[in-house]
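# Residue-level structural notes
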Amino acid sequence: MTALIILLILILLGVIIVQVSKVNELSSRIRGEEESYFQGNNRTALWMFIFMIVFLIACVVSSYYYKNVMLGYGPLKAASAHGDSLDSLFNVTLFFTGIVFIITQYLLFWFTYKYRARKNGKADFFPHNTNLEIIWTVIPAIVMTYLVVKGLVVWNTVMPDVPPDADDYMEIQATGFQFGWDIRYPGADGKLGTTNFRDIDLASNPLGQVWTDTKNLDDFQPSEIVLPVGQKVRVRITARDVLHNFYLPHFRVKMDAIPGLPTYFIFTPIKTTEEFREELRKYPEFQLPADPEDPESLSRADAFEYELACAELCGKGHYSMRRVVRIVEQDEYEDWLTQQQSYYMANIRNTAADPFKGQLLDFEIANRNTELVSTFAEANDNGKVGDIIKLKNVFFETGSATLTADSRYELSKIAELLNKYSTMNIEVGGHTDSTGSAETNKTLSEARATSVLNFLTGKNVDGGRLQAKGYGPDVPVGDNTTEEGRQQNRRTELKIISK
Ligand SMILES: [Cu+2]
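Residues numbered from 1 in each chain as written. Predicted model: local features only at pLDDT ≥ 70, side-chain atom pairs only at ≥ 80, totals over all residues.

Our next topic: the nonpolar core. Counting 31 residues, the largest nonpolar core has Ala174, Phe246, Leu248 and Leu308 as its most contacted members. Once residues within four sequence positions are removed from consideration, alanine 174 is found in contact with Trp181, Ile183, Val235, Ile237, Phe246 and Ala257. The next biggest cluster of nonpolar side chains, apart from the first, holds 19 residues, and it includes Leu417, Met424, Leu453 and Leu466. (Core = buried A, V, L, I, M, F, W, Y, C linked by C-beta atoms within 7 Å. Buried ≥ 20, exposed ≤ 12 C-beta atoms within 10 Å, placed from the backbone. Contact = placed C-beta atoms within 7 Å.)

Another point: the pairing of strand S5 (residues 244–248). Residues in a regular strand project their side chains so that they alternate between the two faces of the sheet. Burial of S5 is extensive: five of the five residues sit out of reach of the surface. Residues His244, Phe246 and Leu248 point to one face of S5 and Asn245 and Tyr247 to the other, with burial holding for every one of them. In the sheet, S5 pairs with strand S6 (residues 253–257) via five bridges, with the strands oriented antiparallel. Across the sheet, the residue bridging to tyrosine 247 is lysine 254, located in S6. Where S5 hands over to S6, the hairpin turn is made up of four residues, of which arginine 252 adopts a positive phi near 55 degrees. (Helix = DSSP H or I, 4+ residues; strand = E, 2+ residues; numbered from the N terminus. Pairing = 2+ DSSP bridges.)

In this section: the sheet that holds strand S12 (residues 466–472). Reading across the sheet, the four strands line up as S10-S13-S11-S12 and stay open at both edges, with mixed pairing between neighbours. In this open sheet, the two strands that pair with only one neighbour each are strand S10 (388–391) and S12. Between one strand and the next, the sheet's axes are offset by a mean angle of 25 degrees, whatever the strand orientation. Sheet topology places strand S11 (residues 425–431) next to S12; six bridges connect them, and they run parallel. Bridge assignment links glutamate 427 to a residue of S12, and that residue is glutamine 467. Packing against the sheet, helix H10 (residues 438–458) makes contact with S11, S12 and strand S13 (491–498), and its axis sits at approximately 155 degrees to S12. (Axes fitted to C-alpha atoms, helices over the stretch in contact; angles between N-to-C directions.)

According to the domain assignment, the protein contains domain 1 (1–31), domain 2 (35–118 + 131–158), domain 3 (169–348) and domain 4 (362–498). With centres defined by C-alpha atoms, the gap from domain 1 to domain 3 works out at 57 Å. (Domains from an automatic or database assignment.)

Glancing now at the sheet that holds strand S3 (residues 225–228). Strand order across the open sheet formed by five strands is S3-S9-S8-S5-S6, with mixed pairing between neighbours. The open sheet has two edge strands with one neighbour each: S3 and S6. Across this sheet, the average inter-strand angle for adjacent strands is 20 degrees, counted without regard to direction. Sitting on the sheet, helix H6 (residues 330–338) is in contact with S3 and strand S9 (323–328), with an inclination near 140 degrees to S3.

Time to look at the packing of helix H9 (residues 407–420) against H10. Interaxial distance between H9 and H10 falls to 9 Å at its minimum, and their mutual angle equals 60 degrees. Taken together, the axis directions place H9 and H10 in an arrangement best described as oblique. Our pair here, H9 against H10, has a crossing hand that is right-handed. Counting all contacts with H9, which are made through Leu411, Ile414, Ala415 and Leu418, the residues of H10 involved are Val452, Phe455 and Leu456. Grouping the constituent residues of the contact of H9 with H10 by class yields seven nonpolar, no polar and no charged. (Parallel < 35°, antiparallel > 145°, perpendicular 65-115°, else oblique. Left-handed = near helix turned anticlockwise from the far one by under 90°. Nonpolar A, V, L, I, M, F, W, Y, C, P; charged D, E, K, R; others polar.)

As structure tokens, then:
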């Protein structure tokens, strides 16, 4: 319907123009061709001059009207340490080009007005003027030199890479793809592991991390970018398919993401998301509801988030590459870090792709030790006779009482803790599932409990404090009809028998 109305309006407009020109033609025949020609010229020249004045005023007024929603002005001052230097570069450039813009627009329209064709008008021949040549060569040369030199100075302060031995920065990686970003953090070791494009597998290893490099094991890939305020960040930027562009508008960070050619950008966020919102709240433009349809929605200031956008038209899903960036205080950042799980531990550990399958990793041993230390401290301080400590990581070869190699890490630590808390006397209990004859299971559980006891006494735990007991399948904790339950039932426990 709307389209039809617009079409009708256009046809009508066309008819009107044809009719008006016919009327003009008729009237000029009545008045005489020449006079009407000059009249038309005067009119056009005057209207062009008026257009120029309205146009220049509109330029200035609209810039003023939108001053609070343009990057670099109002509350949208740069949120990074280097941002102001780039903004001032833009302002200086705008100052000079603004002057040139106003002068050239003014002259353009003034000349069309002044030199319009008039009755008895004569052409003015103006072949050469050395002074003018000098003025419009020297002034632009000086201004251009100033702009280029200032630009180079800013570039050299914003873009240098970190020196090889620097340790005052953190590094994250951003990999653009159609259509999204894989963000990688270095994990506890502070170092990103190596990647190899040959190892890329979209389902199980999207970044091509090389799992034999232990620096990769704690790297994690969060869904949002969270950074601590005041921390210098180096972003390693790359792309997996086509050109993308890593653009953080509020931080004045913008760099191409190019397949096969790593680029980088270094910046230091200086305002937390909350501080930025605080500034926005002072401006009426940002007190409006974020959703214009819903007056009850959060204000634009409260709904504000820093964002990562792709600034390269990389395909039809380009718009969906937006990612939220949160800048937080250091302690909030550390809280967030503890909630992140490494990609390796979540997706690769003990799968066929894991080169460390079946081996204990250093940090796993460390984690288990921490857990044992607190369990034993708790048992010593508050434990009662009859309390049970389940040994989660003590295992035997199938059908035998031989401890697996990994179990020794756990038992060595337990021996150390039993020697530390020397008032506790302990029963080592062996348990099996109900598969096979009860008698065999009983014998096996006894042999296993004894094996653990022997290991502990071998580590200087006083044998008088320990007893071994085989329970066989008699004390199940899980359902023996399921594999999961049977696994829970095959276990070794320590019971406090006196304190
Ligand atoms: Cu893109």
